[in-house]
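Each chain, letter by letter, is given below.
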Amino acid sequence: MLVSMSAVLLLGLLIWFLLRIRYLRWVDALVCGAFGFLLSRTLAAPLVQTLLDGVNGFLGHLRF
């Protein structure tokens with residue numbers, strides 16, 4: 001849950017930044033949000049969650 005909240009926050013900030021520099025329009029952001037919402041209700045949701053968990057595990061093992 002903590003990782004998904006962090007991902008939502010980071011993606012939200014990225015969308016806000018892209019809207020701010022006018023690289024992304026509001027319609028594009030709404031379509032992306034609707035797609036993500038609908039994707040979470042499909043059979044692909046566990047696959048996406050597994051992929052995000054794998055990326056999180058990889059990034060957690062990186063040492064700077």
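Everything here concerns the structure above.
What you are looking at is a predicted structure, and each value in this text was computed from that prediction instead of being measured.

Colleague: Run through the environment of A7, naming residues and quoting values.
Modeller: Tracing the backbone through its elements, the reader meets A7 in helix 1 (residues 2-20). Sequence separation between A7 and N56 is 49 residues; the distance between their C-alpha atoms is 9.8 Å.

Colleague: Requested: an account of the pattern of salt bridges, with residues and values cited.
Modeller: Following the criterion strictly, the structure yields one salt bridge and no others. Notably, a salt bridge pairs R25 with D28, separated by 3.4 Å at the nearest N-O pair.

Colleague: Give me a nonpolar patch on the surface: which residues, what numbers.
Modeller: Taken together, the side chains of L51, V55, F58, L59, L62 and F64 present a nonpolar region at the surface, about 720 Å² in accessible area. Overall, L51 belongs to the exposed group, its relative accessible area being 57%.

Colleague: So what's going on with unusual backbone geometry? Residues and values would help.
Modeller: In this model, R22 sits at a positive phi of 60°, which is unusual for a non-glycine residue. Mapped onto the elements, R22 comes out in the loop between helix 1 and helix 2 (26-39).

How each quantity is defined
Per chain, the residues get numbers from 1 upward, laid out in the order the sequence is written. Only residues with pLDDT of at least 70 are given local features in this predicted model, and only at 80 or more are side-chain atom pairs given and counted; all residues enter the totals for whole chains, interfaces and linings. Water and hydrogen atoms were dropped before computing side-chain values, which therefore reflect all heavy atoms in the structure. Helix numbers and strand numbers start at the N terminus; a helix is a DSSP run of H or I with at least 4 residues, a strand a run of E with at least 2. A pairing counts as a salt bridge when a side-chain nitrogen of Lys or Arg comes within 4 Å of a carboxyl oxygen of Asp or Glu. Patch construction takes residues with relative accessible area above 30% that form no salt bridge. Like charges are linked within 9 Å, and nonpolar side chains (Val, Leu, Ile, Met, Phe, Trp, Tyr) are linked within 5 Å. Per-residue and other accessible areas follow the Shrake-Rupley method at a 1.4 Å probe size, with only the shown protein chains counted as cover for residues. When accessible area is computed with a 1.4 Å probe and restricted to protein chains, residues below 20% of their type maximum are described as buried, those above 50% as exposed, and intermediate ones as partly exposed.

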